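Chains, contacts and geometry: an overview
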Amino acid sequence: MKLRGRLLYPAIGCVLMLGGWEVIGRAGLLGRTFPSLTEVLRVYADGPRAALLVRSSTATLGSAATGYAVGLCLGAAVALLAHLVPLLRGGLDRLAVLVNALPVIALGPVLIITAGRESTPAALAAVPVFFLLYTSTGVGLRGASRRLELVLTTLGAGRWQRLTKLEAIAAVPSVLSGMKIAASSAMIGAIVGEWFGAPSGLGVVVLNSMQNFQIPLLWATVIVIAAMTLSGYGLLTLIEQAVRRRIGECDG
Amino acid sequence: MASLALRGVTRSFLRRTRAGRRESFDALGPLDVQIGDGEFVALIGASGCGKSTVLRLLAGLDEPTRGQVQINGLPPHELQAQHSLGIAFQEHALLPWRTVESNLRLPFEIAGLAAPEERIGELVTLAGLEGFEHARPAELSGGMRQRVAIARALALQPKLLLLDEPFGALDAVTRRRMNFELERIWLESRPTTLMVTHSVEEAVLLADRVLVLTERPGRVRMDTAVPFARPRPGALMRTAEFHRLADELTAQLEPA
């Protein structure tokens, strides 16, 4: 029964959806821009187009990963600074909100001019990651149990010890939640960044195949993007769950 | 060990009036209390009388508005810095990601001392948790967790032990058993102790002296010695003397 709920029903759902896709595509029910599933899958078997997708995926993944790493380090570091120097917190909070409020579409051209075409995807990936990590790290650090803070203070712990023995560890689950959500944001940022004229990347392929009416390639690229985003999210979800179990929230 | 003194201590807080102005009100004091070396003092009083504020003042977690708090002639934050204070709260005061052993090691780590294995073993035994050294707090019962918290408070042989409703979150049966456990643990080293509690019986059973605080602002209404010899047997709670003292204290808790 359990197995049926967890495997069988989702499998039936997938088969129905993919089968429906194939039928609709073959019959042309939604017009020429909706290809059949087999037509899309054929792209992956086609040497030159498959090679293009691999090349582009590598470029996009590289930009997203770079932006992710930069945004993560900056976001966490600035959150730590705001936590340790309460005087700065108000200002840094407002700065982070401002950064988040800037529309990516408006930021793109500015980055093209300042950071250059090659770096814009990574830069646009870093922006939302920074905001998400700034917020989640700050919430995590401030979320340490008040009572445990009092115990540590009474035992004579200084600021640094309270941070390393309590707050930083208590913050880990929240930081991981932020990292999980940020993974998708980094992919979106990188792809949008590529639209502004990057030399290569999945965003470039999406744009070109759309403009040249290469419909199966467009769909195949979108599927690759979705798969990459979902794998990143899934991987981080697994890590987050493992760490949450290890750290054992609340009770204690 | 330590003797401690509160001299003319008051603590005021700000509150907002209906008109939106801030005004100061006294939550505590003036309070004059002396506690001798190795004495176990229980502090009781109605909710909001400032019992926990007294404890926080002694722990160096709060400063008096007026007056002086001294432990062995030093202000509490000095004892904090010397790692000479032990504290246990009602619940949820263990690091949930650490095992029993590792939680007991925390005071040593904070003091920058190596935690001798045998001392950790002693503390595990003291808490009666042999076999649970590697368990996490979430795997322990409420009573076991509190024993770990108290053993941790005693780890560095503190000069002053502060207990804030240490068994307040436990059921009545466990609480009773823990009271006897605490006396056993306490008798091993007899540190100067201040325990805040709601329970008159707990206070009479454990303390050498019971202080009753008035309602806000908290002042000492009654200061009574508890004459029973230690270790105190369970049968003590069925004696007339015990009940007389408990009744007398309970009467003092009623609003004047």
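Residues numbered from 1 in each chain as written. Chains lettered and ligands numbered in written order. Predicted model: local features only at pLDDT ≥ 70, side-chain atom pairs only at ≥ 80, totals over all residues. Heavy atoms only, no water.

**Points about the environment of Gly193(A)**
Residues and elements named next belong to chain A.
- Mapped onto the fold, Gly193 is located in helix 8 (residues 159-195).
- Looking at Gly193, the relative accessible area reads 0%, which means it is buried.
- A sequence separation of 84 residues divides Gly193 from Pro109, and the C-alpha atoms of the two residues are 9.3 Å apart.
- Not counting residues up to four positions away in its chain, the partners in contact with Gly193 are Thr120, Pro121 and Leu124. (Helix = DSSP H or I, 4+ residues; strand = E, 2+ residues; numbered from the N terminus. Buried < 20%, exposed > 50% of the residue type's maximum accessible area, 1.4 Å probe, protein only. Contact = heavy atoms within 4.5 Å.)

**Some words on the sheet that holds strand 4 (residues 66-71) of chain B**
All names here are of chain B.
- Taken together, three strands build an open sheet; the order of strands is 2-1-4 and the sheet is antiparallel. The open sheet terminates on both sides in strands that have one partner only, identified here as strand 2 (22-35) and strand 4. Averaged over all neighbouring strand pairs, the angle between strand axes comes to 30°, with direction disregarded.
- Across 10 bridges, the pairing between strand 1 (residues 4-16) and strand 2 is antiparallel. Bridged to Phe13 within strand 2 is Phe25. (Pairing = 2+ DSSP bridges. Axes fitted to C-alpha atoms, helices over the stretch in contact; angles between N-to-C directions.)

**Describing the pairing of strand 9 (residues 220-225) of chain B**
Residues and elements named next belong to chain B.
- Bridging between strand 8 (residues 209-213) and strand 9 involves five bridges; their strand directions are antiparallel. Within strand 9, the position partnered with Arg209 by the bridge is Ala225.
- Hairpin connection from strand 8 to strand 9: six residues lie between these consecutive antiparallel strands.

**Remarks on the domain arrangement of chain B**
Residues and elements named next belong to chain B.
- The domains assigned to chain B are domain 1 (1-11 + 26-84 + 160-256) and domain 2 (95-157).
- Between the C-alpha centres of domain 1 and domain 2 the distance comes to 24 Å.
- A per-residue breakdown of the area domain 1 buries against domain 2 is headed by His83, Met178 and Ile185, which together make up 43% of the total.
- Where domain 1 meets domain 2, there are zero salt bridges.
- Where domain 1 meets domain 2, there are two residue pairs in polar contact (both at pLDDT 80 or more).
- Mapped onto the side of domain 1 that touches domain 2, the elements with two or more residues apiece are strand 6 (160-164) and helix 6 (172-189).
- It is helix 6 that provides the largest number of residues to the side of domain 1 that touches domain 2, a total of eight residues.
- Grouping the constituent residues of the side of domain 1 that touches domain 2 by class yields nine nonpolar, three polar and three charged. (Domains from an automatic or database assignment. Buried area = accessible area lost by both parts, 1.4 Å probe. Salt bridge = Lys/Arg side-chain N within 4 Å of Asp/Glu carboxyl O. Polar contact = N/O pair within 3.5 Å; in protein donor to acceptor, adjacent residues only side chain to side chain. Nonpolar A, V, L, I, M, F, W, Y, C, P; charged D, E, K, R; others polar.)

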